[in-house]
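Chain by chain, the residues run as shown.
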Amino acid sequence: MNIIRHLTTKPWEATAELPLLQQHTNQQNKRAALKVFLGVVAVLFTLLIVAYAGRMAYEDWRPAPQIKLMWANTLVLFLGSLCLELAQYAVRRGQQKLLRRSLLAAGLCTLIFLLGQAQAWRELGALVFFQVTNPAIAFFYLITGLHGLHLLGGLVVWGQTLVRLWRGFELEKIRHSVELCTIYWHFLLLVWLVLFGLLFAGNNLDELMVICGIKGRT
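Residues numbered from 1 in each chain as written. Predicted model: local features only at pLDDT ≥ 70, side-chain atom pairs only at ≥ 80, totals over all residues. Heavy atoms only, no water.

K.L.:
Where do I start with the overall build of the chain in this structure?
P.N.:
Looking only at helices and strands, the chain features seven helices and zero strands. Taken over 218 residues, the chain has a buried fraction of 38%. Counting only contacts in the chain whose residues sit at least 6 apart along the sequence, the fraction spanning at least 24 positions is 79%. (Helix = DSSP H or I, 4+ residues; strand = E, 2+ residues; numbered from the N terminus. Buried < 20%, exposed > 50% of the residue type's maximum accessible area, 1.4 Å probe, protein only. Contact = heavy atoms within 4.5 Å.)

Here it is in structure tokens:
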């Protein structure tokens with residue numbers, strides 16, 4: 001049936017459909033590229049978790065102090081992801097005002113999260129008896145820093161999407177960008193919840209070593 005359809009298609013009809021096909025192909029390529037990138041990022045943070053757990057097995061290990069601000073930062077990042085989900089809902093239904101507000105709120109929440117993480121670094125640095133030479137502190141800076149850099153990269157795409165929206169682009173043309181941003185933010189939220197839950201939310205040393213296979217279950 002597809003062969004018959006292609007044979008009976010008029011040349012001018014095929015030419016008219018070509019831009020739409022190219023746009024669809026480009027969107028599929030971008031989505032596939034994002035999935036590959038997210039897979040690489042997931043492997044990176046998994047290796048960091050395993051390295052963290054492996055370093056904990058040494059006798060000189062001292063866990064990083066708990067910083068209460070991190071709980072508030074986690075909530076703000078969750079709200080940012082929720083706002084992007086609302087933006088995706090708005091763009092699918094053509095609600096331009098809701099889309100603008102949701103995108104702005106998502107970006108604002110992300111910036112607040114990053115500023116909160118910077119403040120957590122300052123609080124950690126103010127604790128004189130904890131130094132960066134402590135492996136736990138070094139891992140804290142490395143892991144939170146890498147996560148923050150990935151969020152900053154996401155803000156670049158978020159900003160481009162917001163500019164297109166303000167310039168009056170058709171909602172259908174920016175719909176794909178909003179969907180990719182939503183996937184990216186949800187992924188980074190999930191990564192952060194795993195990192196925060198395992199490494200920075202409490203005394204989970206034994207559980208983490210069991211998960212990574214360094215220590216057997218008792």
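K.L.:
Explain the layout of surface pockets to me, please; I cannot follow it from the model alone.
P.N.:
Any empty space left between the atoms is revealed when a probe the size of a water molecule rolls over them. In this structure, the largest pocket spans a volume of roughly 430 Å³. Lining of the largest pocket is provided by 18 residues; of these, Lys30, Val157, His176, Ser177 and Leu180 occupy positions nearest its centre. Listing elements by their share of the lining of the largest pocket, those giving two or more residues are helix H2 (11-56), helix H5 (135-166) and helix H6 (171-200). Per-element accounting of the lining of the largest pocket gives the leading share, seven residues, to H6. Within the lining of the largest pocket, the residues separate by chemical class into seven nonpolar, eight polar and three charged. (1 Å grid on protein atoms, 1.4 Å probe; cavity = no way out; pocket = protein on both sides within 12 Å on 5 of 7 lines; lining within 4 Å. Points joined across faces, edges and corners; volume = space filled by probe spheres on them. Nonpolar A, V, L, I, M, F, W, Y, C, P; charged D, E, K, R; others polar.)

K.L.:
Please clarify how H6 should be interpreted in this entry.
P.N.:
Its 30 residues give H6 an end-to-end C-alpha distance of 40 Å, which sits within 8% of 44 Å, the value for a rise of 1.5 Å per residue. Within H6, 21 of the 30 residues are buried, leaving the element largely enclosed by the surrounding structure. (Expected span 1.5 Å × (residues − 1).)

K.L.:
Any chance you could explain the pattern of salt bridges here in plain terms?
P.N.:
Between side chains of opposite charge, a pair can form when the charged atoms approach closely. One pass over the structure, following the stated rule, counts three salt bridges. Residue Glu179 is joined to Arg31 by a salt bridge in which the shortest nitrogen-to-oxygen separation is 3.3 Å. With Glu179 in helix H6 and Arg31 in helix H2, this pair connects stretches of sequence that are 148 residues apart. Under the relative-accessibility criterion, Arg31 is labelled partly exposed at 22%. (Salt bridge = Lys/Arg side-chain N within 4 Å of Asp/Glu carboxyl O.)

K.L.:
Would you explain the packing of aromatic side chains in this entry?
P.N.:
The description of two aromatic rings rests on the distance between their centres and on the angle between their planes. Under the definition given, this model contains eight aromatic pairs. Centre to centre, the rings of Trp71 and Phe196 are 4.9 Å apart; their planes meet at 85°, and the pair counts as edge-to-face. Placement of Trp71 in helix H3 (residues 69-92) and of Phe196 in helix H6 is noted, with a sequence separation of 125 residues between them. Among the residues examined, Phe196 registers a relative accessible area of 4% and is labelled buried. Seen from their ring centres, Tyr184 and Trp185 are 6.0 Å apart, and the 70° between their planes marks the pair as edge-to-face. Like Tyr184, the residue Trp185 is buried in the burial classification. Over the ring of Trp166 we find Arg100; its NZ or CZ atom is 4.6 Å from the centre of that ring. (Phe/Tyr/Trp six-rings, centres within 6.5 Å; stacked < 30°, edge-to-face > 60°. Lys NZ or Arg CZ within 6 Å of the ring centre and 35° of its normal.)

K.L.:
In this structure, what is going on with the side chain of His147? I would like to understand it.
P.N.:
By secondary structure assignment, the location of His147 is in helix H5. Each residue touching His147, except ones within four places of it in the same chain, is listed here: Phe45, Leu77, Phe113, Leu188, Val191 and Trp192.

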